[in-house]
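# Structural features, examined
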Amino acid sequence: MKALVWHGKEDIRCDTVTDPEIQDPRDAIIKVTSCAICGSDLHLFHNYIPGMMPGDIMGHETMGEVVEVGSGVDGKLKKGDRIVVPFTIICGECDQCKRGNFSVCETTNRKRHLADKVFGHSTAGLFGYTHLTGGYPGGQAEYLRVPFADATHIKVPAGIPDEQLLFLSDIFPTGWQAAAQCDIVPTDTVAIWGCGPVGQMAIRSAILLGANQVVAIDCLPERLSMAEAAGATTINFETESVLERLQELTDGKGPEKCIDCVGMESHVMATLPDTVLDRAKQMVMLESDRPHVLREMIYVCRPGGIISVPGVYSGFSDKLPMGAFMNKGLTMRTGQTHVNRWTDDLLRRIEEGEIDPSFVITHTVPLNQGPEMYQVFRDKRDSCVKVVLKP
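Thresholds, definitions, all that
- Counting from 1, residues in each chain are numbered in the order their sequence is written.
- Predicted model: local features are reported for residues with pLDDT of at least 70 only, side-chain atom pairs are reported and counted for 80 or more only, and whole-chain, interface and lining totals are derived from all residues.
- Only hydrogens and water are removed before side-chain values are computed, so all heavy atoms of the structure are retained for them.
- UniProt positions are given in the numbering used here, feature names are shortened, and annotations may be inferred rather than shown by experiment.
- Think of it in three bands: residues with accessible area under 20% of the maximum for their type are buried, residues over 50% are exposed, and the middle band is partly exposed, with areas taken using a 1.4 Å probe on protein chains only.
- Numbering goes from the N terminus for both helices and strands, where a helix is a DSSP run of H or I of at least four residues and a strand is a run of E of at least two.
- It only takes one pair of heavy atoms within 4.5 Å for two residues to be counted as in contact.
- By the convention used here, strands pair only if DSSP detects at least 2 bridges between them.
- Axis definition: a line fit to C-alpha positions, over the contact stretch in the case of helices; interaxial angles, taken between N-to-C directions, run 0 to 180 degrees.

Labelled according to an unreviewed UniProt entry, the chain appears under the name Glutathione-dependent formaldehyde dehydrogenase, originating from Bradyrhizobium campsiandrae. What UniProt states about the chain under its Cofactor (unreviewed entry) heading is, verbatim, "Zn(2+)". Heading Sequence similarities (unreviewed entry) of the UniProt record for the chain holds this comment: "Belongs to the zinc-containing alcohol dehydrogenase family."

Set out below in structure tokens:
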């Protein structure tokens, strides 16, 4: 089959690889009908996250048709079923899964000894990510083996286009969780840094959850206009002071809730010296992340407020203002997304027409154009916000 394969830093190729096979009774094989490039795939593209190996298949936003099931799937899936595959691989049986904490499933990371050393305790296995999360082949391919398939799936109905359902795999529940863990109340101002695909979903989720005002922060016109279309007030950080504008918009009190949809690769600008220093440290391996957004959120957030971090961080971040964080009594909530905790509700909202996640798609191309689209997405060329690939 054809698949997008990681060969090293900024080297993704469309290769012919071995077709997946059933390896465990709980496995299923799907024929992929749609997949996507995620912003967190760019962290792997840039080789900022450790644990990638040449030959690893990329991708964790995938859906398709079941073509084979193992004997242990126990009737929960059958040939012909149409499913979205959550990026988190879950067993559905461990203590964390029973609590709904699916992204920290205690069973599915088959290389947990690596994650135990790096994180202290292992998290769940993830598709198409590093060997710290199991080294599972990803879904930017013609076929995908789904481990623990009896639990790791979202059945979806016929009659709804792939484009409306695909993002149940990651960015829609990720944006939703980012907003949900803010405990939004009707008087809240919610400030969201980063208007990429996850940021766009967080904007709409915060509005659906009843925020009084949503403020979206970015510098790309196409992303800001997409945020405005949802009803957000926008700040272009290249032409405006984020601190001053947030003070104006909140009567000097600061936003009650702040969401970081940027993560470890904050934009580098000469007018923001901390970002230049972070990039220099990153280049000589003295720091793994560029946490400008985290610093800014801690500074501007209203005392007693909540900071939500769906943006990916990989290791160590310097110069975080813990004094301000502690003295202002802030709460921070983070984590990879507990996808299956949210998807029943989100699928219902799609079916009822409350939201159509396909609004974020700007490019749809064949799988073999994937390597080129990684570069287009990275460079934000051609007003690229979200890429869908068709095997």
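## Description of helix H5 (residues 171–180)
Counting buried positions along H5 gives nine out of 10 residues, so the element sits mostly inside the fold. All buried positions along H5 are accounted for by Ile171, Phe172, Pro173, Thr174, Gly175, Trp176, Gln177, Ala178 and Ala179. Buried residues along H5 sit against strand E5 (61–69), helix H6 (197–208), strand E14 (257–260), strand E15 (306–309) and helix H12 (339–351).

## Observations regarding the sheet that holds strand E1 (residues 2–8)
Ordered by their spatial adjacency, three strands build an open sheet running E2-E1-E4, and the pairing between neighbours is antiparallel. The outermost strands of the open sheet, each flanked by one partner alone, are strand E2 (11–16) and strand E4 (56–57). Across the sheet, helix H13 (residues 370–379) touches E1 and E2, and the angle it forms with E2 is around 160°.

## Quick look at the sheet that holds strand E12 (residues 213–218)
Taken together, the six strands give an open sheet; going across it, the order is E13-E12-E11-E14-E15-E16, and neighbouring strands pair in parallel fashion. What marks the edges here is a single partner per strand, and that holds for strand E13 (233–236) and strand E16 (331–334). In this sheet, adjacent strand axes meet at a mean angle of 20° when their direction is disregarded. In the sheet, strand E11 (residues 189–193) pairs with E14 via four bridges, with the strands oriented parallel. Following the sheet pairing, Val190 is matched in E14 by Lys257. Where helix H7 (residues 221–230) meets the sheet, it contacts E12 and E13, and its direction lies at approximately 165° from that of E13. Contacts from helix H8 (residues 242–249) reach E11, E12 and E13, with the element oriented near 160° to E13.

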